[in-house]
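One letter stands for each residue in the lines below.
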Amino acid sequence: MSKTHNNTKSSAEKSIEELFREHHSSSQGLDEEEAQSRLQRYGLNAIEEEQTNIILKFLSYFWGPIPWMIEVAAVLSALLAHWPDFSIIIVMLVLNAVIGFWQEHQAANALEALKSQLALVAHVIRNGKRREIPARELVPGDIIHLRIGDVVPADGKLFEGSYLSVDESSLTGESLPVEKSPGDLVYSGSSIKQGEMDALVIATGKKTFFAKTAELVQSAGAVSHFQRAVLTIGDYLIYISIGLATLLILVQIHRGESFLTIVQFVLILVVASIPVAMPAVLSMTMALGALALSRMKAIVSRLQSIEEIAGIDVLLSDKTGTLTQNKLTLGEPNIFGGIDSQELILAGSLASPREDRDTIDEAVVRGLQDPFALDSYQQLAFTPFDPVHKRTEATLRNPHGDTFSVTKGAPQVILKLCDMDGAARHRVEESVNDLASKGYRTLGIARREGEEGNWSLLGILPLYDPPREDSAETIRHAQEHGIDVKMVTGDNVAIAREISRQLELKTNIQSADTIFDDDQDVDHLPPRLVTRIEQADGFAEVYPEHKYGIVKALQGRGHLVAMTGDGVNDAPALKQAEVGIAVSGAVRAAQAAASLVLTAPGLSVIINAVEEARRIFERMNSYAIYRITETIRIMLFVVAAMVVFNFYPITTVMVILLALLNDLPIITIAYDNTWLSPKPVRWEMRRVLTIATVLGLIGVVETFGLLLIGRLWLKLDEGLMQSFIYLKLAVAGHLTLLVVRNKRPFFSKPYPAPILLVAILATQVVAVLIVGFGIPAFGIARIPWSYVGLVWGYCLVWLFVEDWAKMVVYRHLNLTGKHHRRFITRLQSPIGPE
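Residues numbered from 1 in each chain as written. Predicted model: local features only at pLDDT ≥ 70, side-chain atom pairs only at ≥ 80, totals over all residues. Heavy atoms only, no water.

1. Some details on the overall build of the protein chain
Operational definition: Each helix corresponds to a stretch of at least 4 residues labelled H or I by DSSP, and each strand to a stretch of at least 2 residues labelled E; elements are numbered beginning at the N terminus. Under the scheme applied here, a residue whose accessible area is under 20% of the maximum for its type counts as buried, over 50% as exposed, and between as partly exposed, the area being computed with a 1.4 Å probe on protein chains only. Any two residues whose heavy atoms approach within 4.5 Å are treated as being in contact. All accessible areas in this document rest on Shrake-Rupley with a 1.4 Å probe, and a residue is counted as covered only by the protein chains that are shown.
Scanning the protein chain from terminus to terminus reveals 28 helices and 22 strands. For the protein chain, with 834 residues in total, the buried portion stands at 55%. A separation threshold of at least 6 residues defines the contact pool for the protein chain, and within that pool the share at least 24 residues apart is 73%. When the accessible area of the protein chain is evaluated, it comes to approximately 36100 Å², of which 57% is carbon and sulfur surface.

Okay, structure coming up:
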């Protein structure tokens, strides 16, 4: 084994012939039987993640600030010999751990399912035939074929091909690509920028130079803006709870209350008030949303990117394959070189690779009346297309033994190669512009004799890529959702305007050349150019570096930007955008940089993802409002009641039951039906805090009202009063959830999901049975069924009061929000001439 896995330095010094002998391989690759044998010997080409002990993982849920508070309360209950309290506190502790563990396990499974859909693949030669296999199945001695856009799947020695330009920045931090030639090493995790070559695999898995493979799916370790906001709310609630708890302890100790008794009660009260279930709800909602998106052919590589998807207001969309069908058809050739149309098409076909042709190559070759004509020419060298040079070039030998070269590419690039007078150049440019105005994409074809001759323009091949049938309708849907769609294309302005017209987009298309020049710092564009970018309806003649500058400029004006891309050079823009979208068919390097990977073509997949992300956001928003409301309602009421009336309005056991019965149904909010916002959604802390505070204070007044009814009218003793108040808090809590989940009246669509209603009804039945029959062993008194009906009737009346108050607050916030936006718009409007 050590012989096969030589260290990287010695492999660099050895020739390819020596390495072939050491690995018992050849340029034809391994046979399948030998490959499987080596897979058993060396293991998978992957760095095995450290497996967490499942028992230790479960036990970790008993360690941390919240579990510590529950555990201290349990110890105090034992010291006070309050065994009913002790037993139910232990149940609460274990149940919280089980719920948290199960939810995280479900989220982890969801992430693994998403990762499996983005597994890295390798182009391998086995038994002399090229095929595609999962990269994890590569073994030392395999032959891999590397081409532009690939992520290198294992360490290898290059041996066949002209050259490679390799981006090793993810491994070395060096931003500039490294030129590679036969005899050089390539490392796992780097990406191919240009060129094509074959390589002999010399190390896999843990034996690779950097001891890791490329990670295409990032974990959900980073915290998003939304998660930070929700966690900030959690901290805020903890501070409020601890402040009120401290006040209560001081007051009760002053009144002569037992220190241990009051501390035990306060600890449980604080635990019930703070959002114990928040991590579980966050993880489950995000994970379920990610799985729903994957079923829509949109794979989320980072869970936290769901928030950004919900908030995007600008979509920079590639034209080819996203807005159009990416099914090019050859039009009538325009000839300039004294040859016929078939000779022109033959020259264009000869300037195409013999294998791995792209859609443009295929469209040209399909135009040949005699496809076997290519067999008469020997291809001596081939330079593939790359986004920088924008042309291909092939050196060939004809049947007579003469050597010549042909090239095809963007007409403006081909024209620069050819020596033409002004009149001839003008005729060609007129032809290109005329074809472009009709929606044609054009290729310039040129030829030169020998290797040092001058290039001569042969003609122009028009290609047409019609819009997708669903593109125009999808763009209308995007605009209805508050998303401004801007087309980005490498084609010229005329083509971009024609396609925009067909898609019913506006036609203010800006050429990237008129915005960016060679000396322009894309990170610091002058305001004049930023305004042009913001007001443009699309961009033409765009190079990859321009995309990054466009994204940066729009972000500087406060936009949340989504950017589509499919090439390795799109990676900087995909990383910079809030939502980088690797479209269907994107190279692996683009998928690695993206936060959303599409597995189906077209723009409709993106709009579906936006809609689902906004629903997920609304669920999280509802949960945040609900948690703040409940903390204010329970904590403030209990403290105020004890300070004013000097008695426990609910017992320790009742507090624990409230915490359990409130948190269990809230888990199902991840499945709830939600209102779909017609506009991009962003976290609005002022709105959330205002709604929650108003509803929470109404809840305190509401509960005090019932307390006075019990004391002054029903003359309830302390035990009955505690059961009376407990039932009210249990019922009102879930009715409040029905209020906050809808911005319109609670009885309007969208109706609650059946699973949420079942969970709420089940816990309400439990609460009613607890007080209807009583549990003397736990200090819960039985109250008459007529009182149960009274509490329910009272809560239902206040449900409409809360709903009315919610609507009033929303109307007020919307009105003030409009005034604020108008004020900001006036401030941003230019005063006087520039």
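On we go from here.
2. A short note on the side chain of Asp318
Positionally, Asp318 belongs in strand β9 (residues 314–318). Classification of Asp318 as buried rests on a relative accessible area of 8%. Excluding its chain neighbours within four sequence positions, the residues that come into contact with Asp318 are Leu323, Val488, Lys547, Thr564, Gly565 and Asp566.

3. A closer look at the packing of helix α23 (residues 604–645) against helix α24 (residues 652–666)
Short version of the rule: Axis geometry follows a simple rule: fit a line to the C-alpha atoms, using only the stretch in contact for helices, then measure angles between N-to-C directions, giving values from 0 to 180 degrees. For classification purposes, an angle smaller than 35 degrees is called roughly parallel, one larger than 145 roughly antiparallel, one from 65 to 115 roughly perpendicular, and anything else oblique. In this classification, the charged set is Asp, Glu, Lys and Arg, the nonpolar set is Ala, Val, Leu, Ile, Met, Phe, Trp, Tyr, Cys and Pro, and all remaining amino acids, among them Gly, are polar.
One way to put it is that α23 packs onto α24 with a least axis distance of 12 Å and a crossing angle of 170°. Taken as axis vectors, α23 and α24 run roughly antiparallel relative to one another. On the side of α23, the interface is formed by Tyr623, Tyr626, Arg627, Glu630 and Ile634, while α24 contributes Leu658, Asn662, Asp663 and Ile666. Residues that form the contact of α23 with α24 fall into these classes: five nonpolar, one polar and three charged.

4. Section: the packing of helix α25 (residues 685–713) against helix α26 (residues 718–740)
Packed helices, taken two at a time, are described by their axes: the angle between them and the distance between them. Rules: The handedness criterion is simple: a crossing whose near helix is rotated anticlockwise from the far helix by less than a right angle is left-handed, and one whose near helix is rotated clockwise is right-handed.
Running from N to C, α25 and α26 point in directions that differ by 150°, and their axes come no closer than 11 Å. Put simply, α25 runs roughly antiparallel to α26. Here α25 runs over α26; the crossing is right-handed. The residues of α26 that touch α25, namely those facing Leu695, Gly699, Glu702, Thr703, Leu706, Leu707, Gly710 and Arg711, are Met721, Phe724, Ile725, Lys728, Leu729, Ala732, Val739 and Val740. Grouping the amino acids of the contact of α25 with α26 by side-chain chemistry returns 10 nonpolar, three polar and three charged.

5. So, helix α27 (residues 754–773)
Quick note on the threshold: The span expected for a helix works out to 1.5 Å for each residue beyond the first.
Between the first and last C-alpha of α27 there are 28 Å, a value that for 20 residues agrees with the 28 Å anticipated at 1.5 Å per step. All of the buried residues in α27 are Leu756, Ala759, Ile760, Thr763, Gln764, Ala767, Val768, Ile770, Val771 and Gly772. Just downstream of α27, Gly774 is the residue with a positive phi angle, here 75°.

6. Considerations on the confidence of the model for the protein chain
Low-confidence regions, as indicated by low pLDDT, have predicted coordinates that should not be scrutinised in detail. In plain terms, the rule: Every residue carries a pLDDT, the predictor's confidence in it, which falls somewhere between 0 and 100.
Averaged over every residue, the pLDDT of the protein chain is 81; residues scoring 70 or more account for 85%. Here helix α7 (residues 169–172) stands out as the element of the protein chain with the lowest mean pLDDT, 57, in contrast to strand β14 (residues 403–409), whose mean of 93 is the highest. Note that pLDDT drops below 50 for residues 1–9; the model gives that stretch 19 contacts with residues more than four away or on any other chain. Note that pLDDT drops below 50 for residues 212–223; the model gives that stretch 34 contacts with residues more than four away or on any other chain.

7. Focus on the packing of aromatic side chains
Keep this limit in mind: Aromatic contacts are taken between Phe, Tyr and Trp rings whose centres are within 6.5 Å, Trp giving its six-membered ring; a plane angle under 30 degrees counts as stacked, one over 60 as edge-to-face, and the others as tilted.
Following the criterion strictly, the structure yields 10 aromatic pairs and no others. Ring geometry for Phe58 and Phe62: centres 5.4 Å apart, planes at 80°, overall edge-to-face. With a relative accessible area of 25%, Phe58 lands in the partly exposed category. Judged by relative accessible area, which is 18%, Phe62 ranks as buried. Here the aromatic rings of Phe637 and Phe704 are separated by 5.3 Å at their centres, their planes lie at 80°, and the arrangement is edge-to-face.

8. A word on the pairing of strand β1 (residues 121–126)
Taken residue by residue, a regular strand's side chains alternate between the two faces of the sheet. Stated formally: By the convention used here, strands pair only if DSSP detects at least 2 bridges between them.
The element β1 is extensively covered by neighbouring structure, given that five of its six residues are classed as buried. Bridge analysis of β1 against strand β2 (residues 129–134) gives six bridges, and the strand direction is antiparallel. Note that in β2 the partner of Val121 across the bridge is Pro134. The loop that links β1 with its antiparallel partner β2 comprises two residues; one of these, Asn127, has a positive phi angle of about 55°.

9. Remarks on the pattern of salt bridges
We apply this condition: Every case where a carboxyl oxygen of Asp or Glu lies within 4 Å of a side-chain nitrogen of Lys or Arg is listed as a salt bridge.
Scanning the entire structure with this criterion turns up 25 salt bridges. As a salt-bridge pair, Asp361 and Lys408 come within 2.6 Å of each other at their nearest N and O atoms. A residue pair is termed long-range when its members are at least 10 positions apart, and Asp361 in helix α13 (residues 359–366) and Lys408 in strand β14 qualify at 47 residues. We classify Lys408 as buried; its relative accessible area is 3%.

10. Quick word on the sheet that holds strand β18 (residues 509–511)
Taking strand neighbours across the sheet as the criterion, the eight strands line up as β8-β22-β21-β20-β9-β17-β19-β18 in an open arrangement whose pairing is mixed. A strand with exactly one partner marks an edge of an open sheet, and here the two such strands are β8 (298–300) and β18. On average, each strand axis in the sheet is inclined to that of its neighbour by 20°, with strand direction left out of account.

11. Remarks on empty space enclosed by the protein
Take a probe with the size of a water molecule and roll it over the atoms, and the empty space left behind shows itself. We apply this condition: Only protein atoms enter the 1 Å grid, on which a cavity is a set of points fitting a 1.4 Å probe that cannot get out and a pocket is an open set with protein on both sides within 12 Å along at least 5 of 7 lines, lining residues being those with an atom within 4 Å of a point. Grid points are joined across faces, edges and corners, and a volume is the space filled by probe spheres set on the points.
Enumeration over the complete set of coordinates arrives at four cavities of 30 Å³ or more. Within this model, the largest cavity holds a volume of roughly 60 Å³. Together, Glu618, Asn621, Ser622, Thr674, Trp675, Val740, Arg741, Asn742, Lys743 and Tyr810 line the largest cavity. Per-element tally for the lining of the largest cavity: the top contributor is α23, with three residues. A class-by-class count of the residues in the lining of the largest cavity yields three nonpolar, four polar and three charged.

12. Notes on unusual backbone geometry
Cis geometry marks the peptide bond from Lys749 to Pro750, where omega comes out at 0°. Along the polypeptide, Pro750 turns up in the loop between α26 and α27. We note that Glu541 has phi near 55°; this positive angle belongs to a residue other than glycine. By the element assignment, Glu541 lies in the loop between β19 (538–540) and α20 (544–556).

13. Concerning the environment of Glu534
Its location among the elements puts Glu534 in helix α19 (residues 527–535). Overall, Glu534 belongs to the partly exposed group, its relative accessible area being 26%. For the pair Glu534 and Ile550, spaced 16 residues apart in sequence, the C-alpha separation works out to 8.7 Å. Sequence-distant contacts of Glu534, that is, excluding residues within four places in its chain, are made with Lys486, Leu554, Arg557 and His559.

14. A few points about the nonpolar core
Basically, it comes down to this: By nonpolar core we mean a set of buried residues, namely Ala, Val, Leu, Ile, Met, Phe, Trp, Tyr and Cys, connected to one another through side-chain atoms within 4.5 Å.
Of all hydrophobic cores here, the largest spans 127 residues; its most connected members are Leu269, Leu596, Ile650, Phe724, Tyr726 and Leu727. Residue contributions to this core peak at 21 residues, all from α23. Excluding residues that lie within four positions of it along the chain, Leu596 makes contacts with Ala298, Ile299, Val300, Ser301, Ile309, Val579, Gly580, Ile581, Ala582 and Ala609. Judged by nonpolar contacts, the second largest core, of 30 residues, contains Val542, Ile550, Ala553 and Val561.

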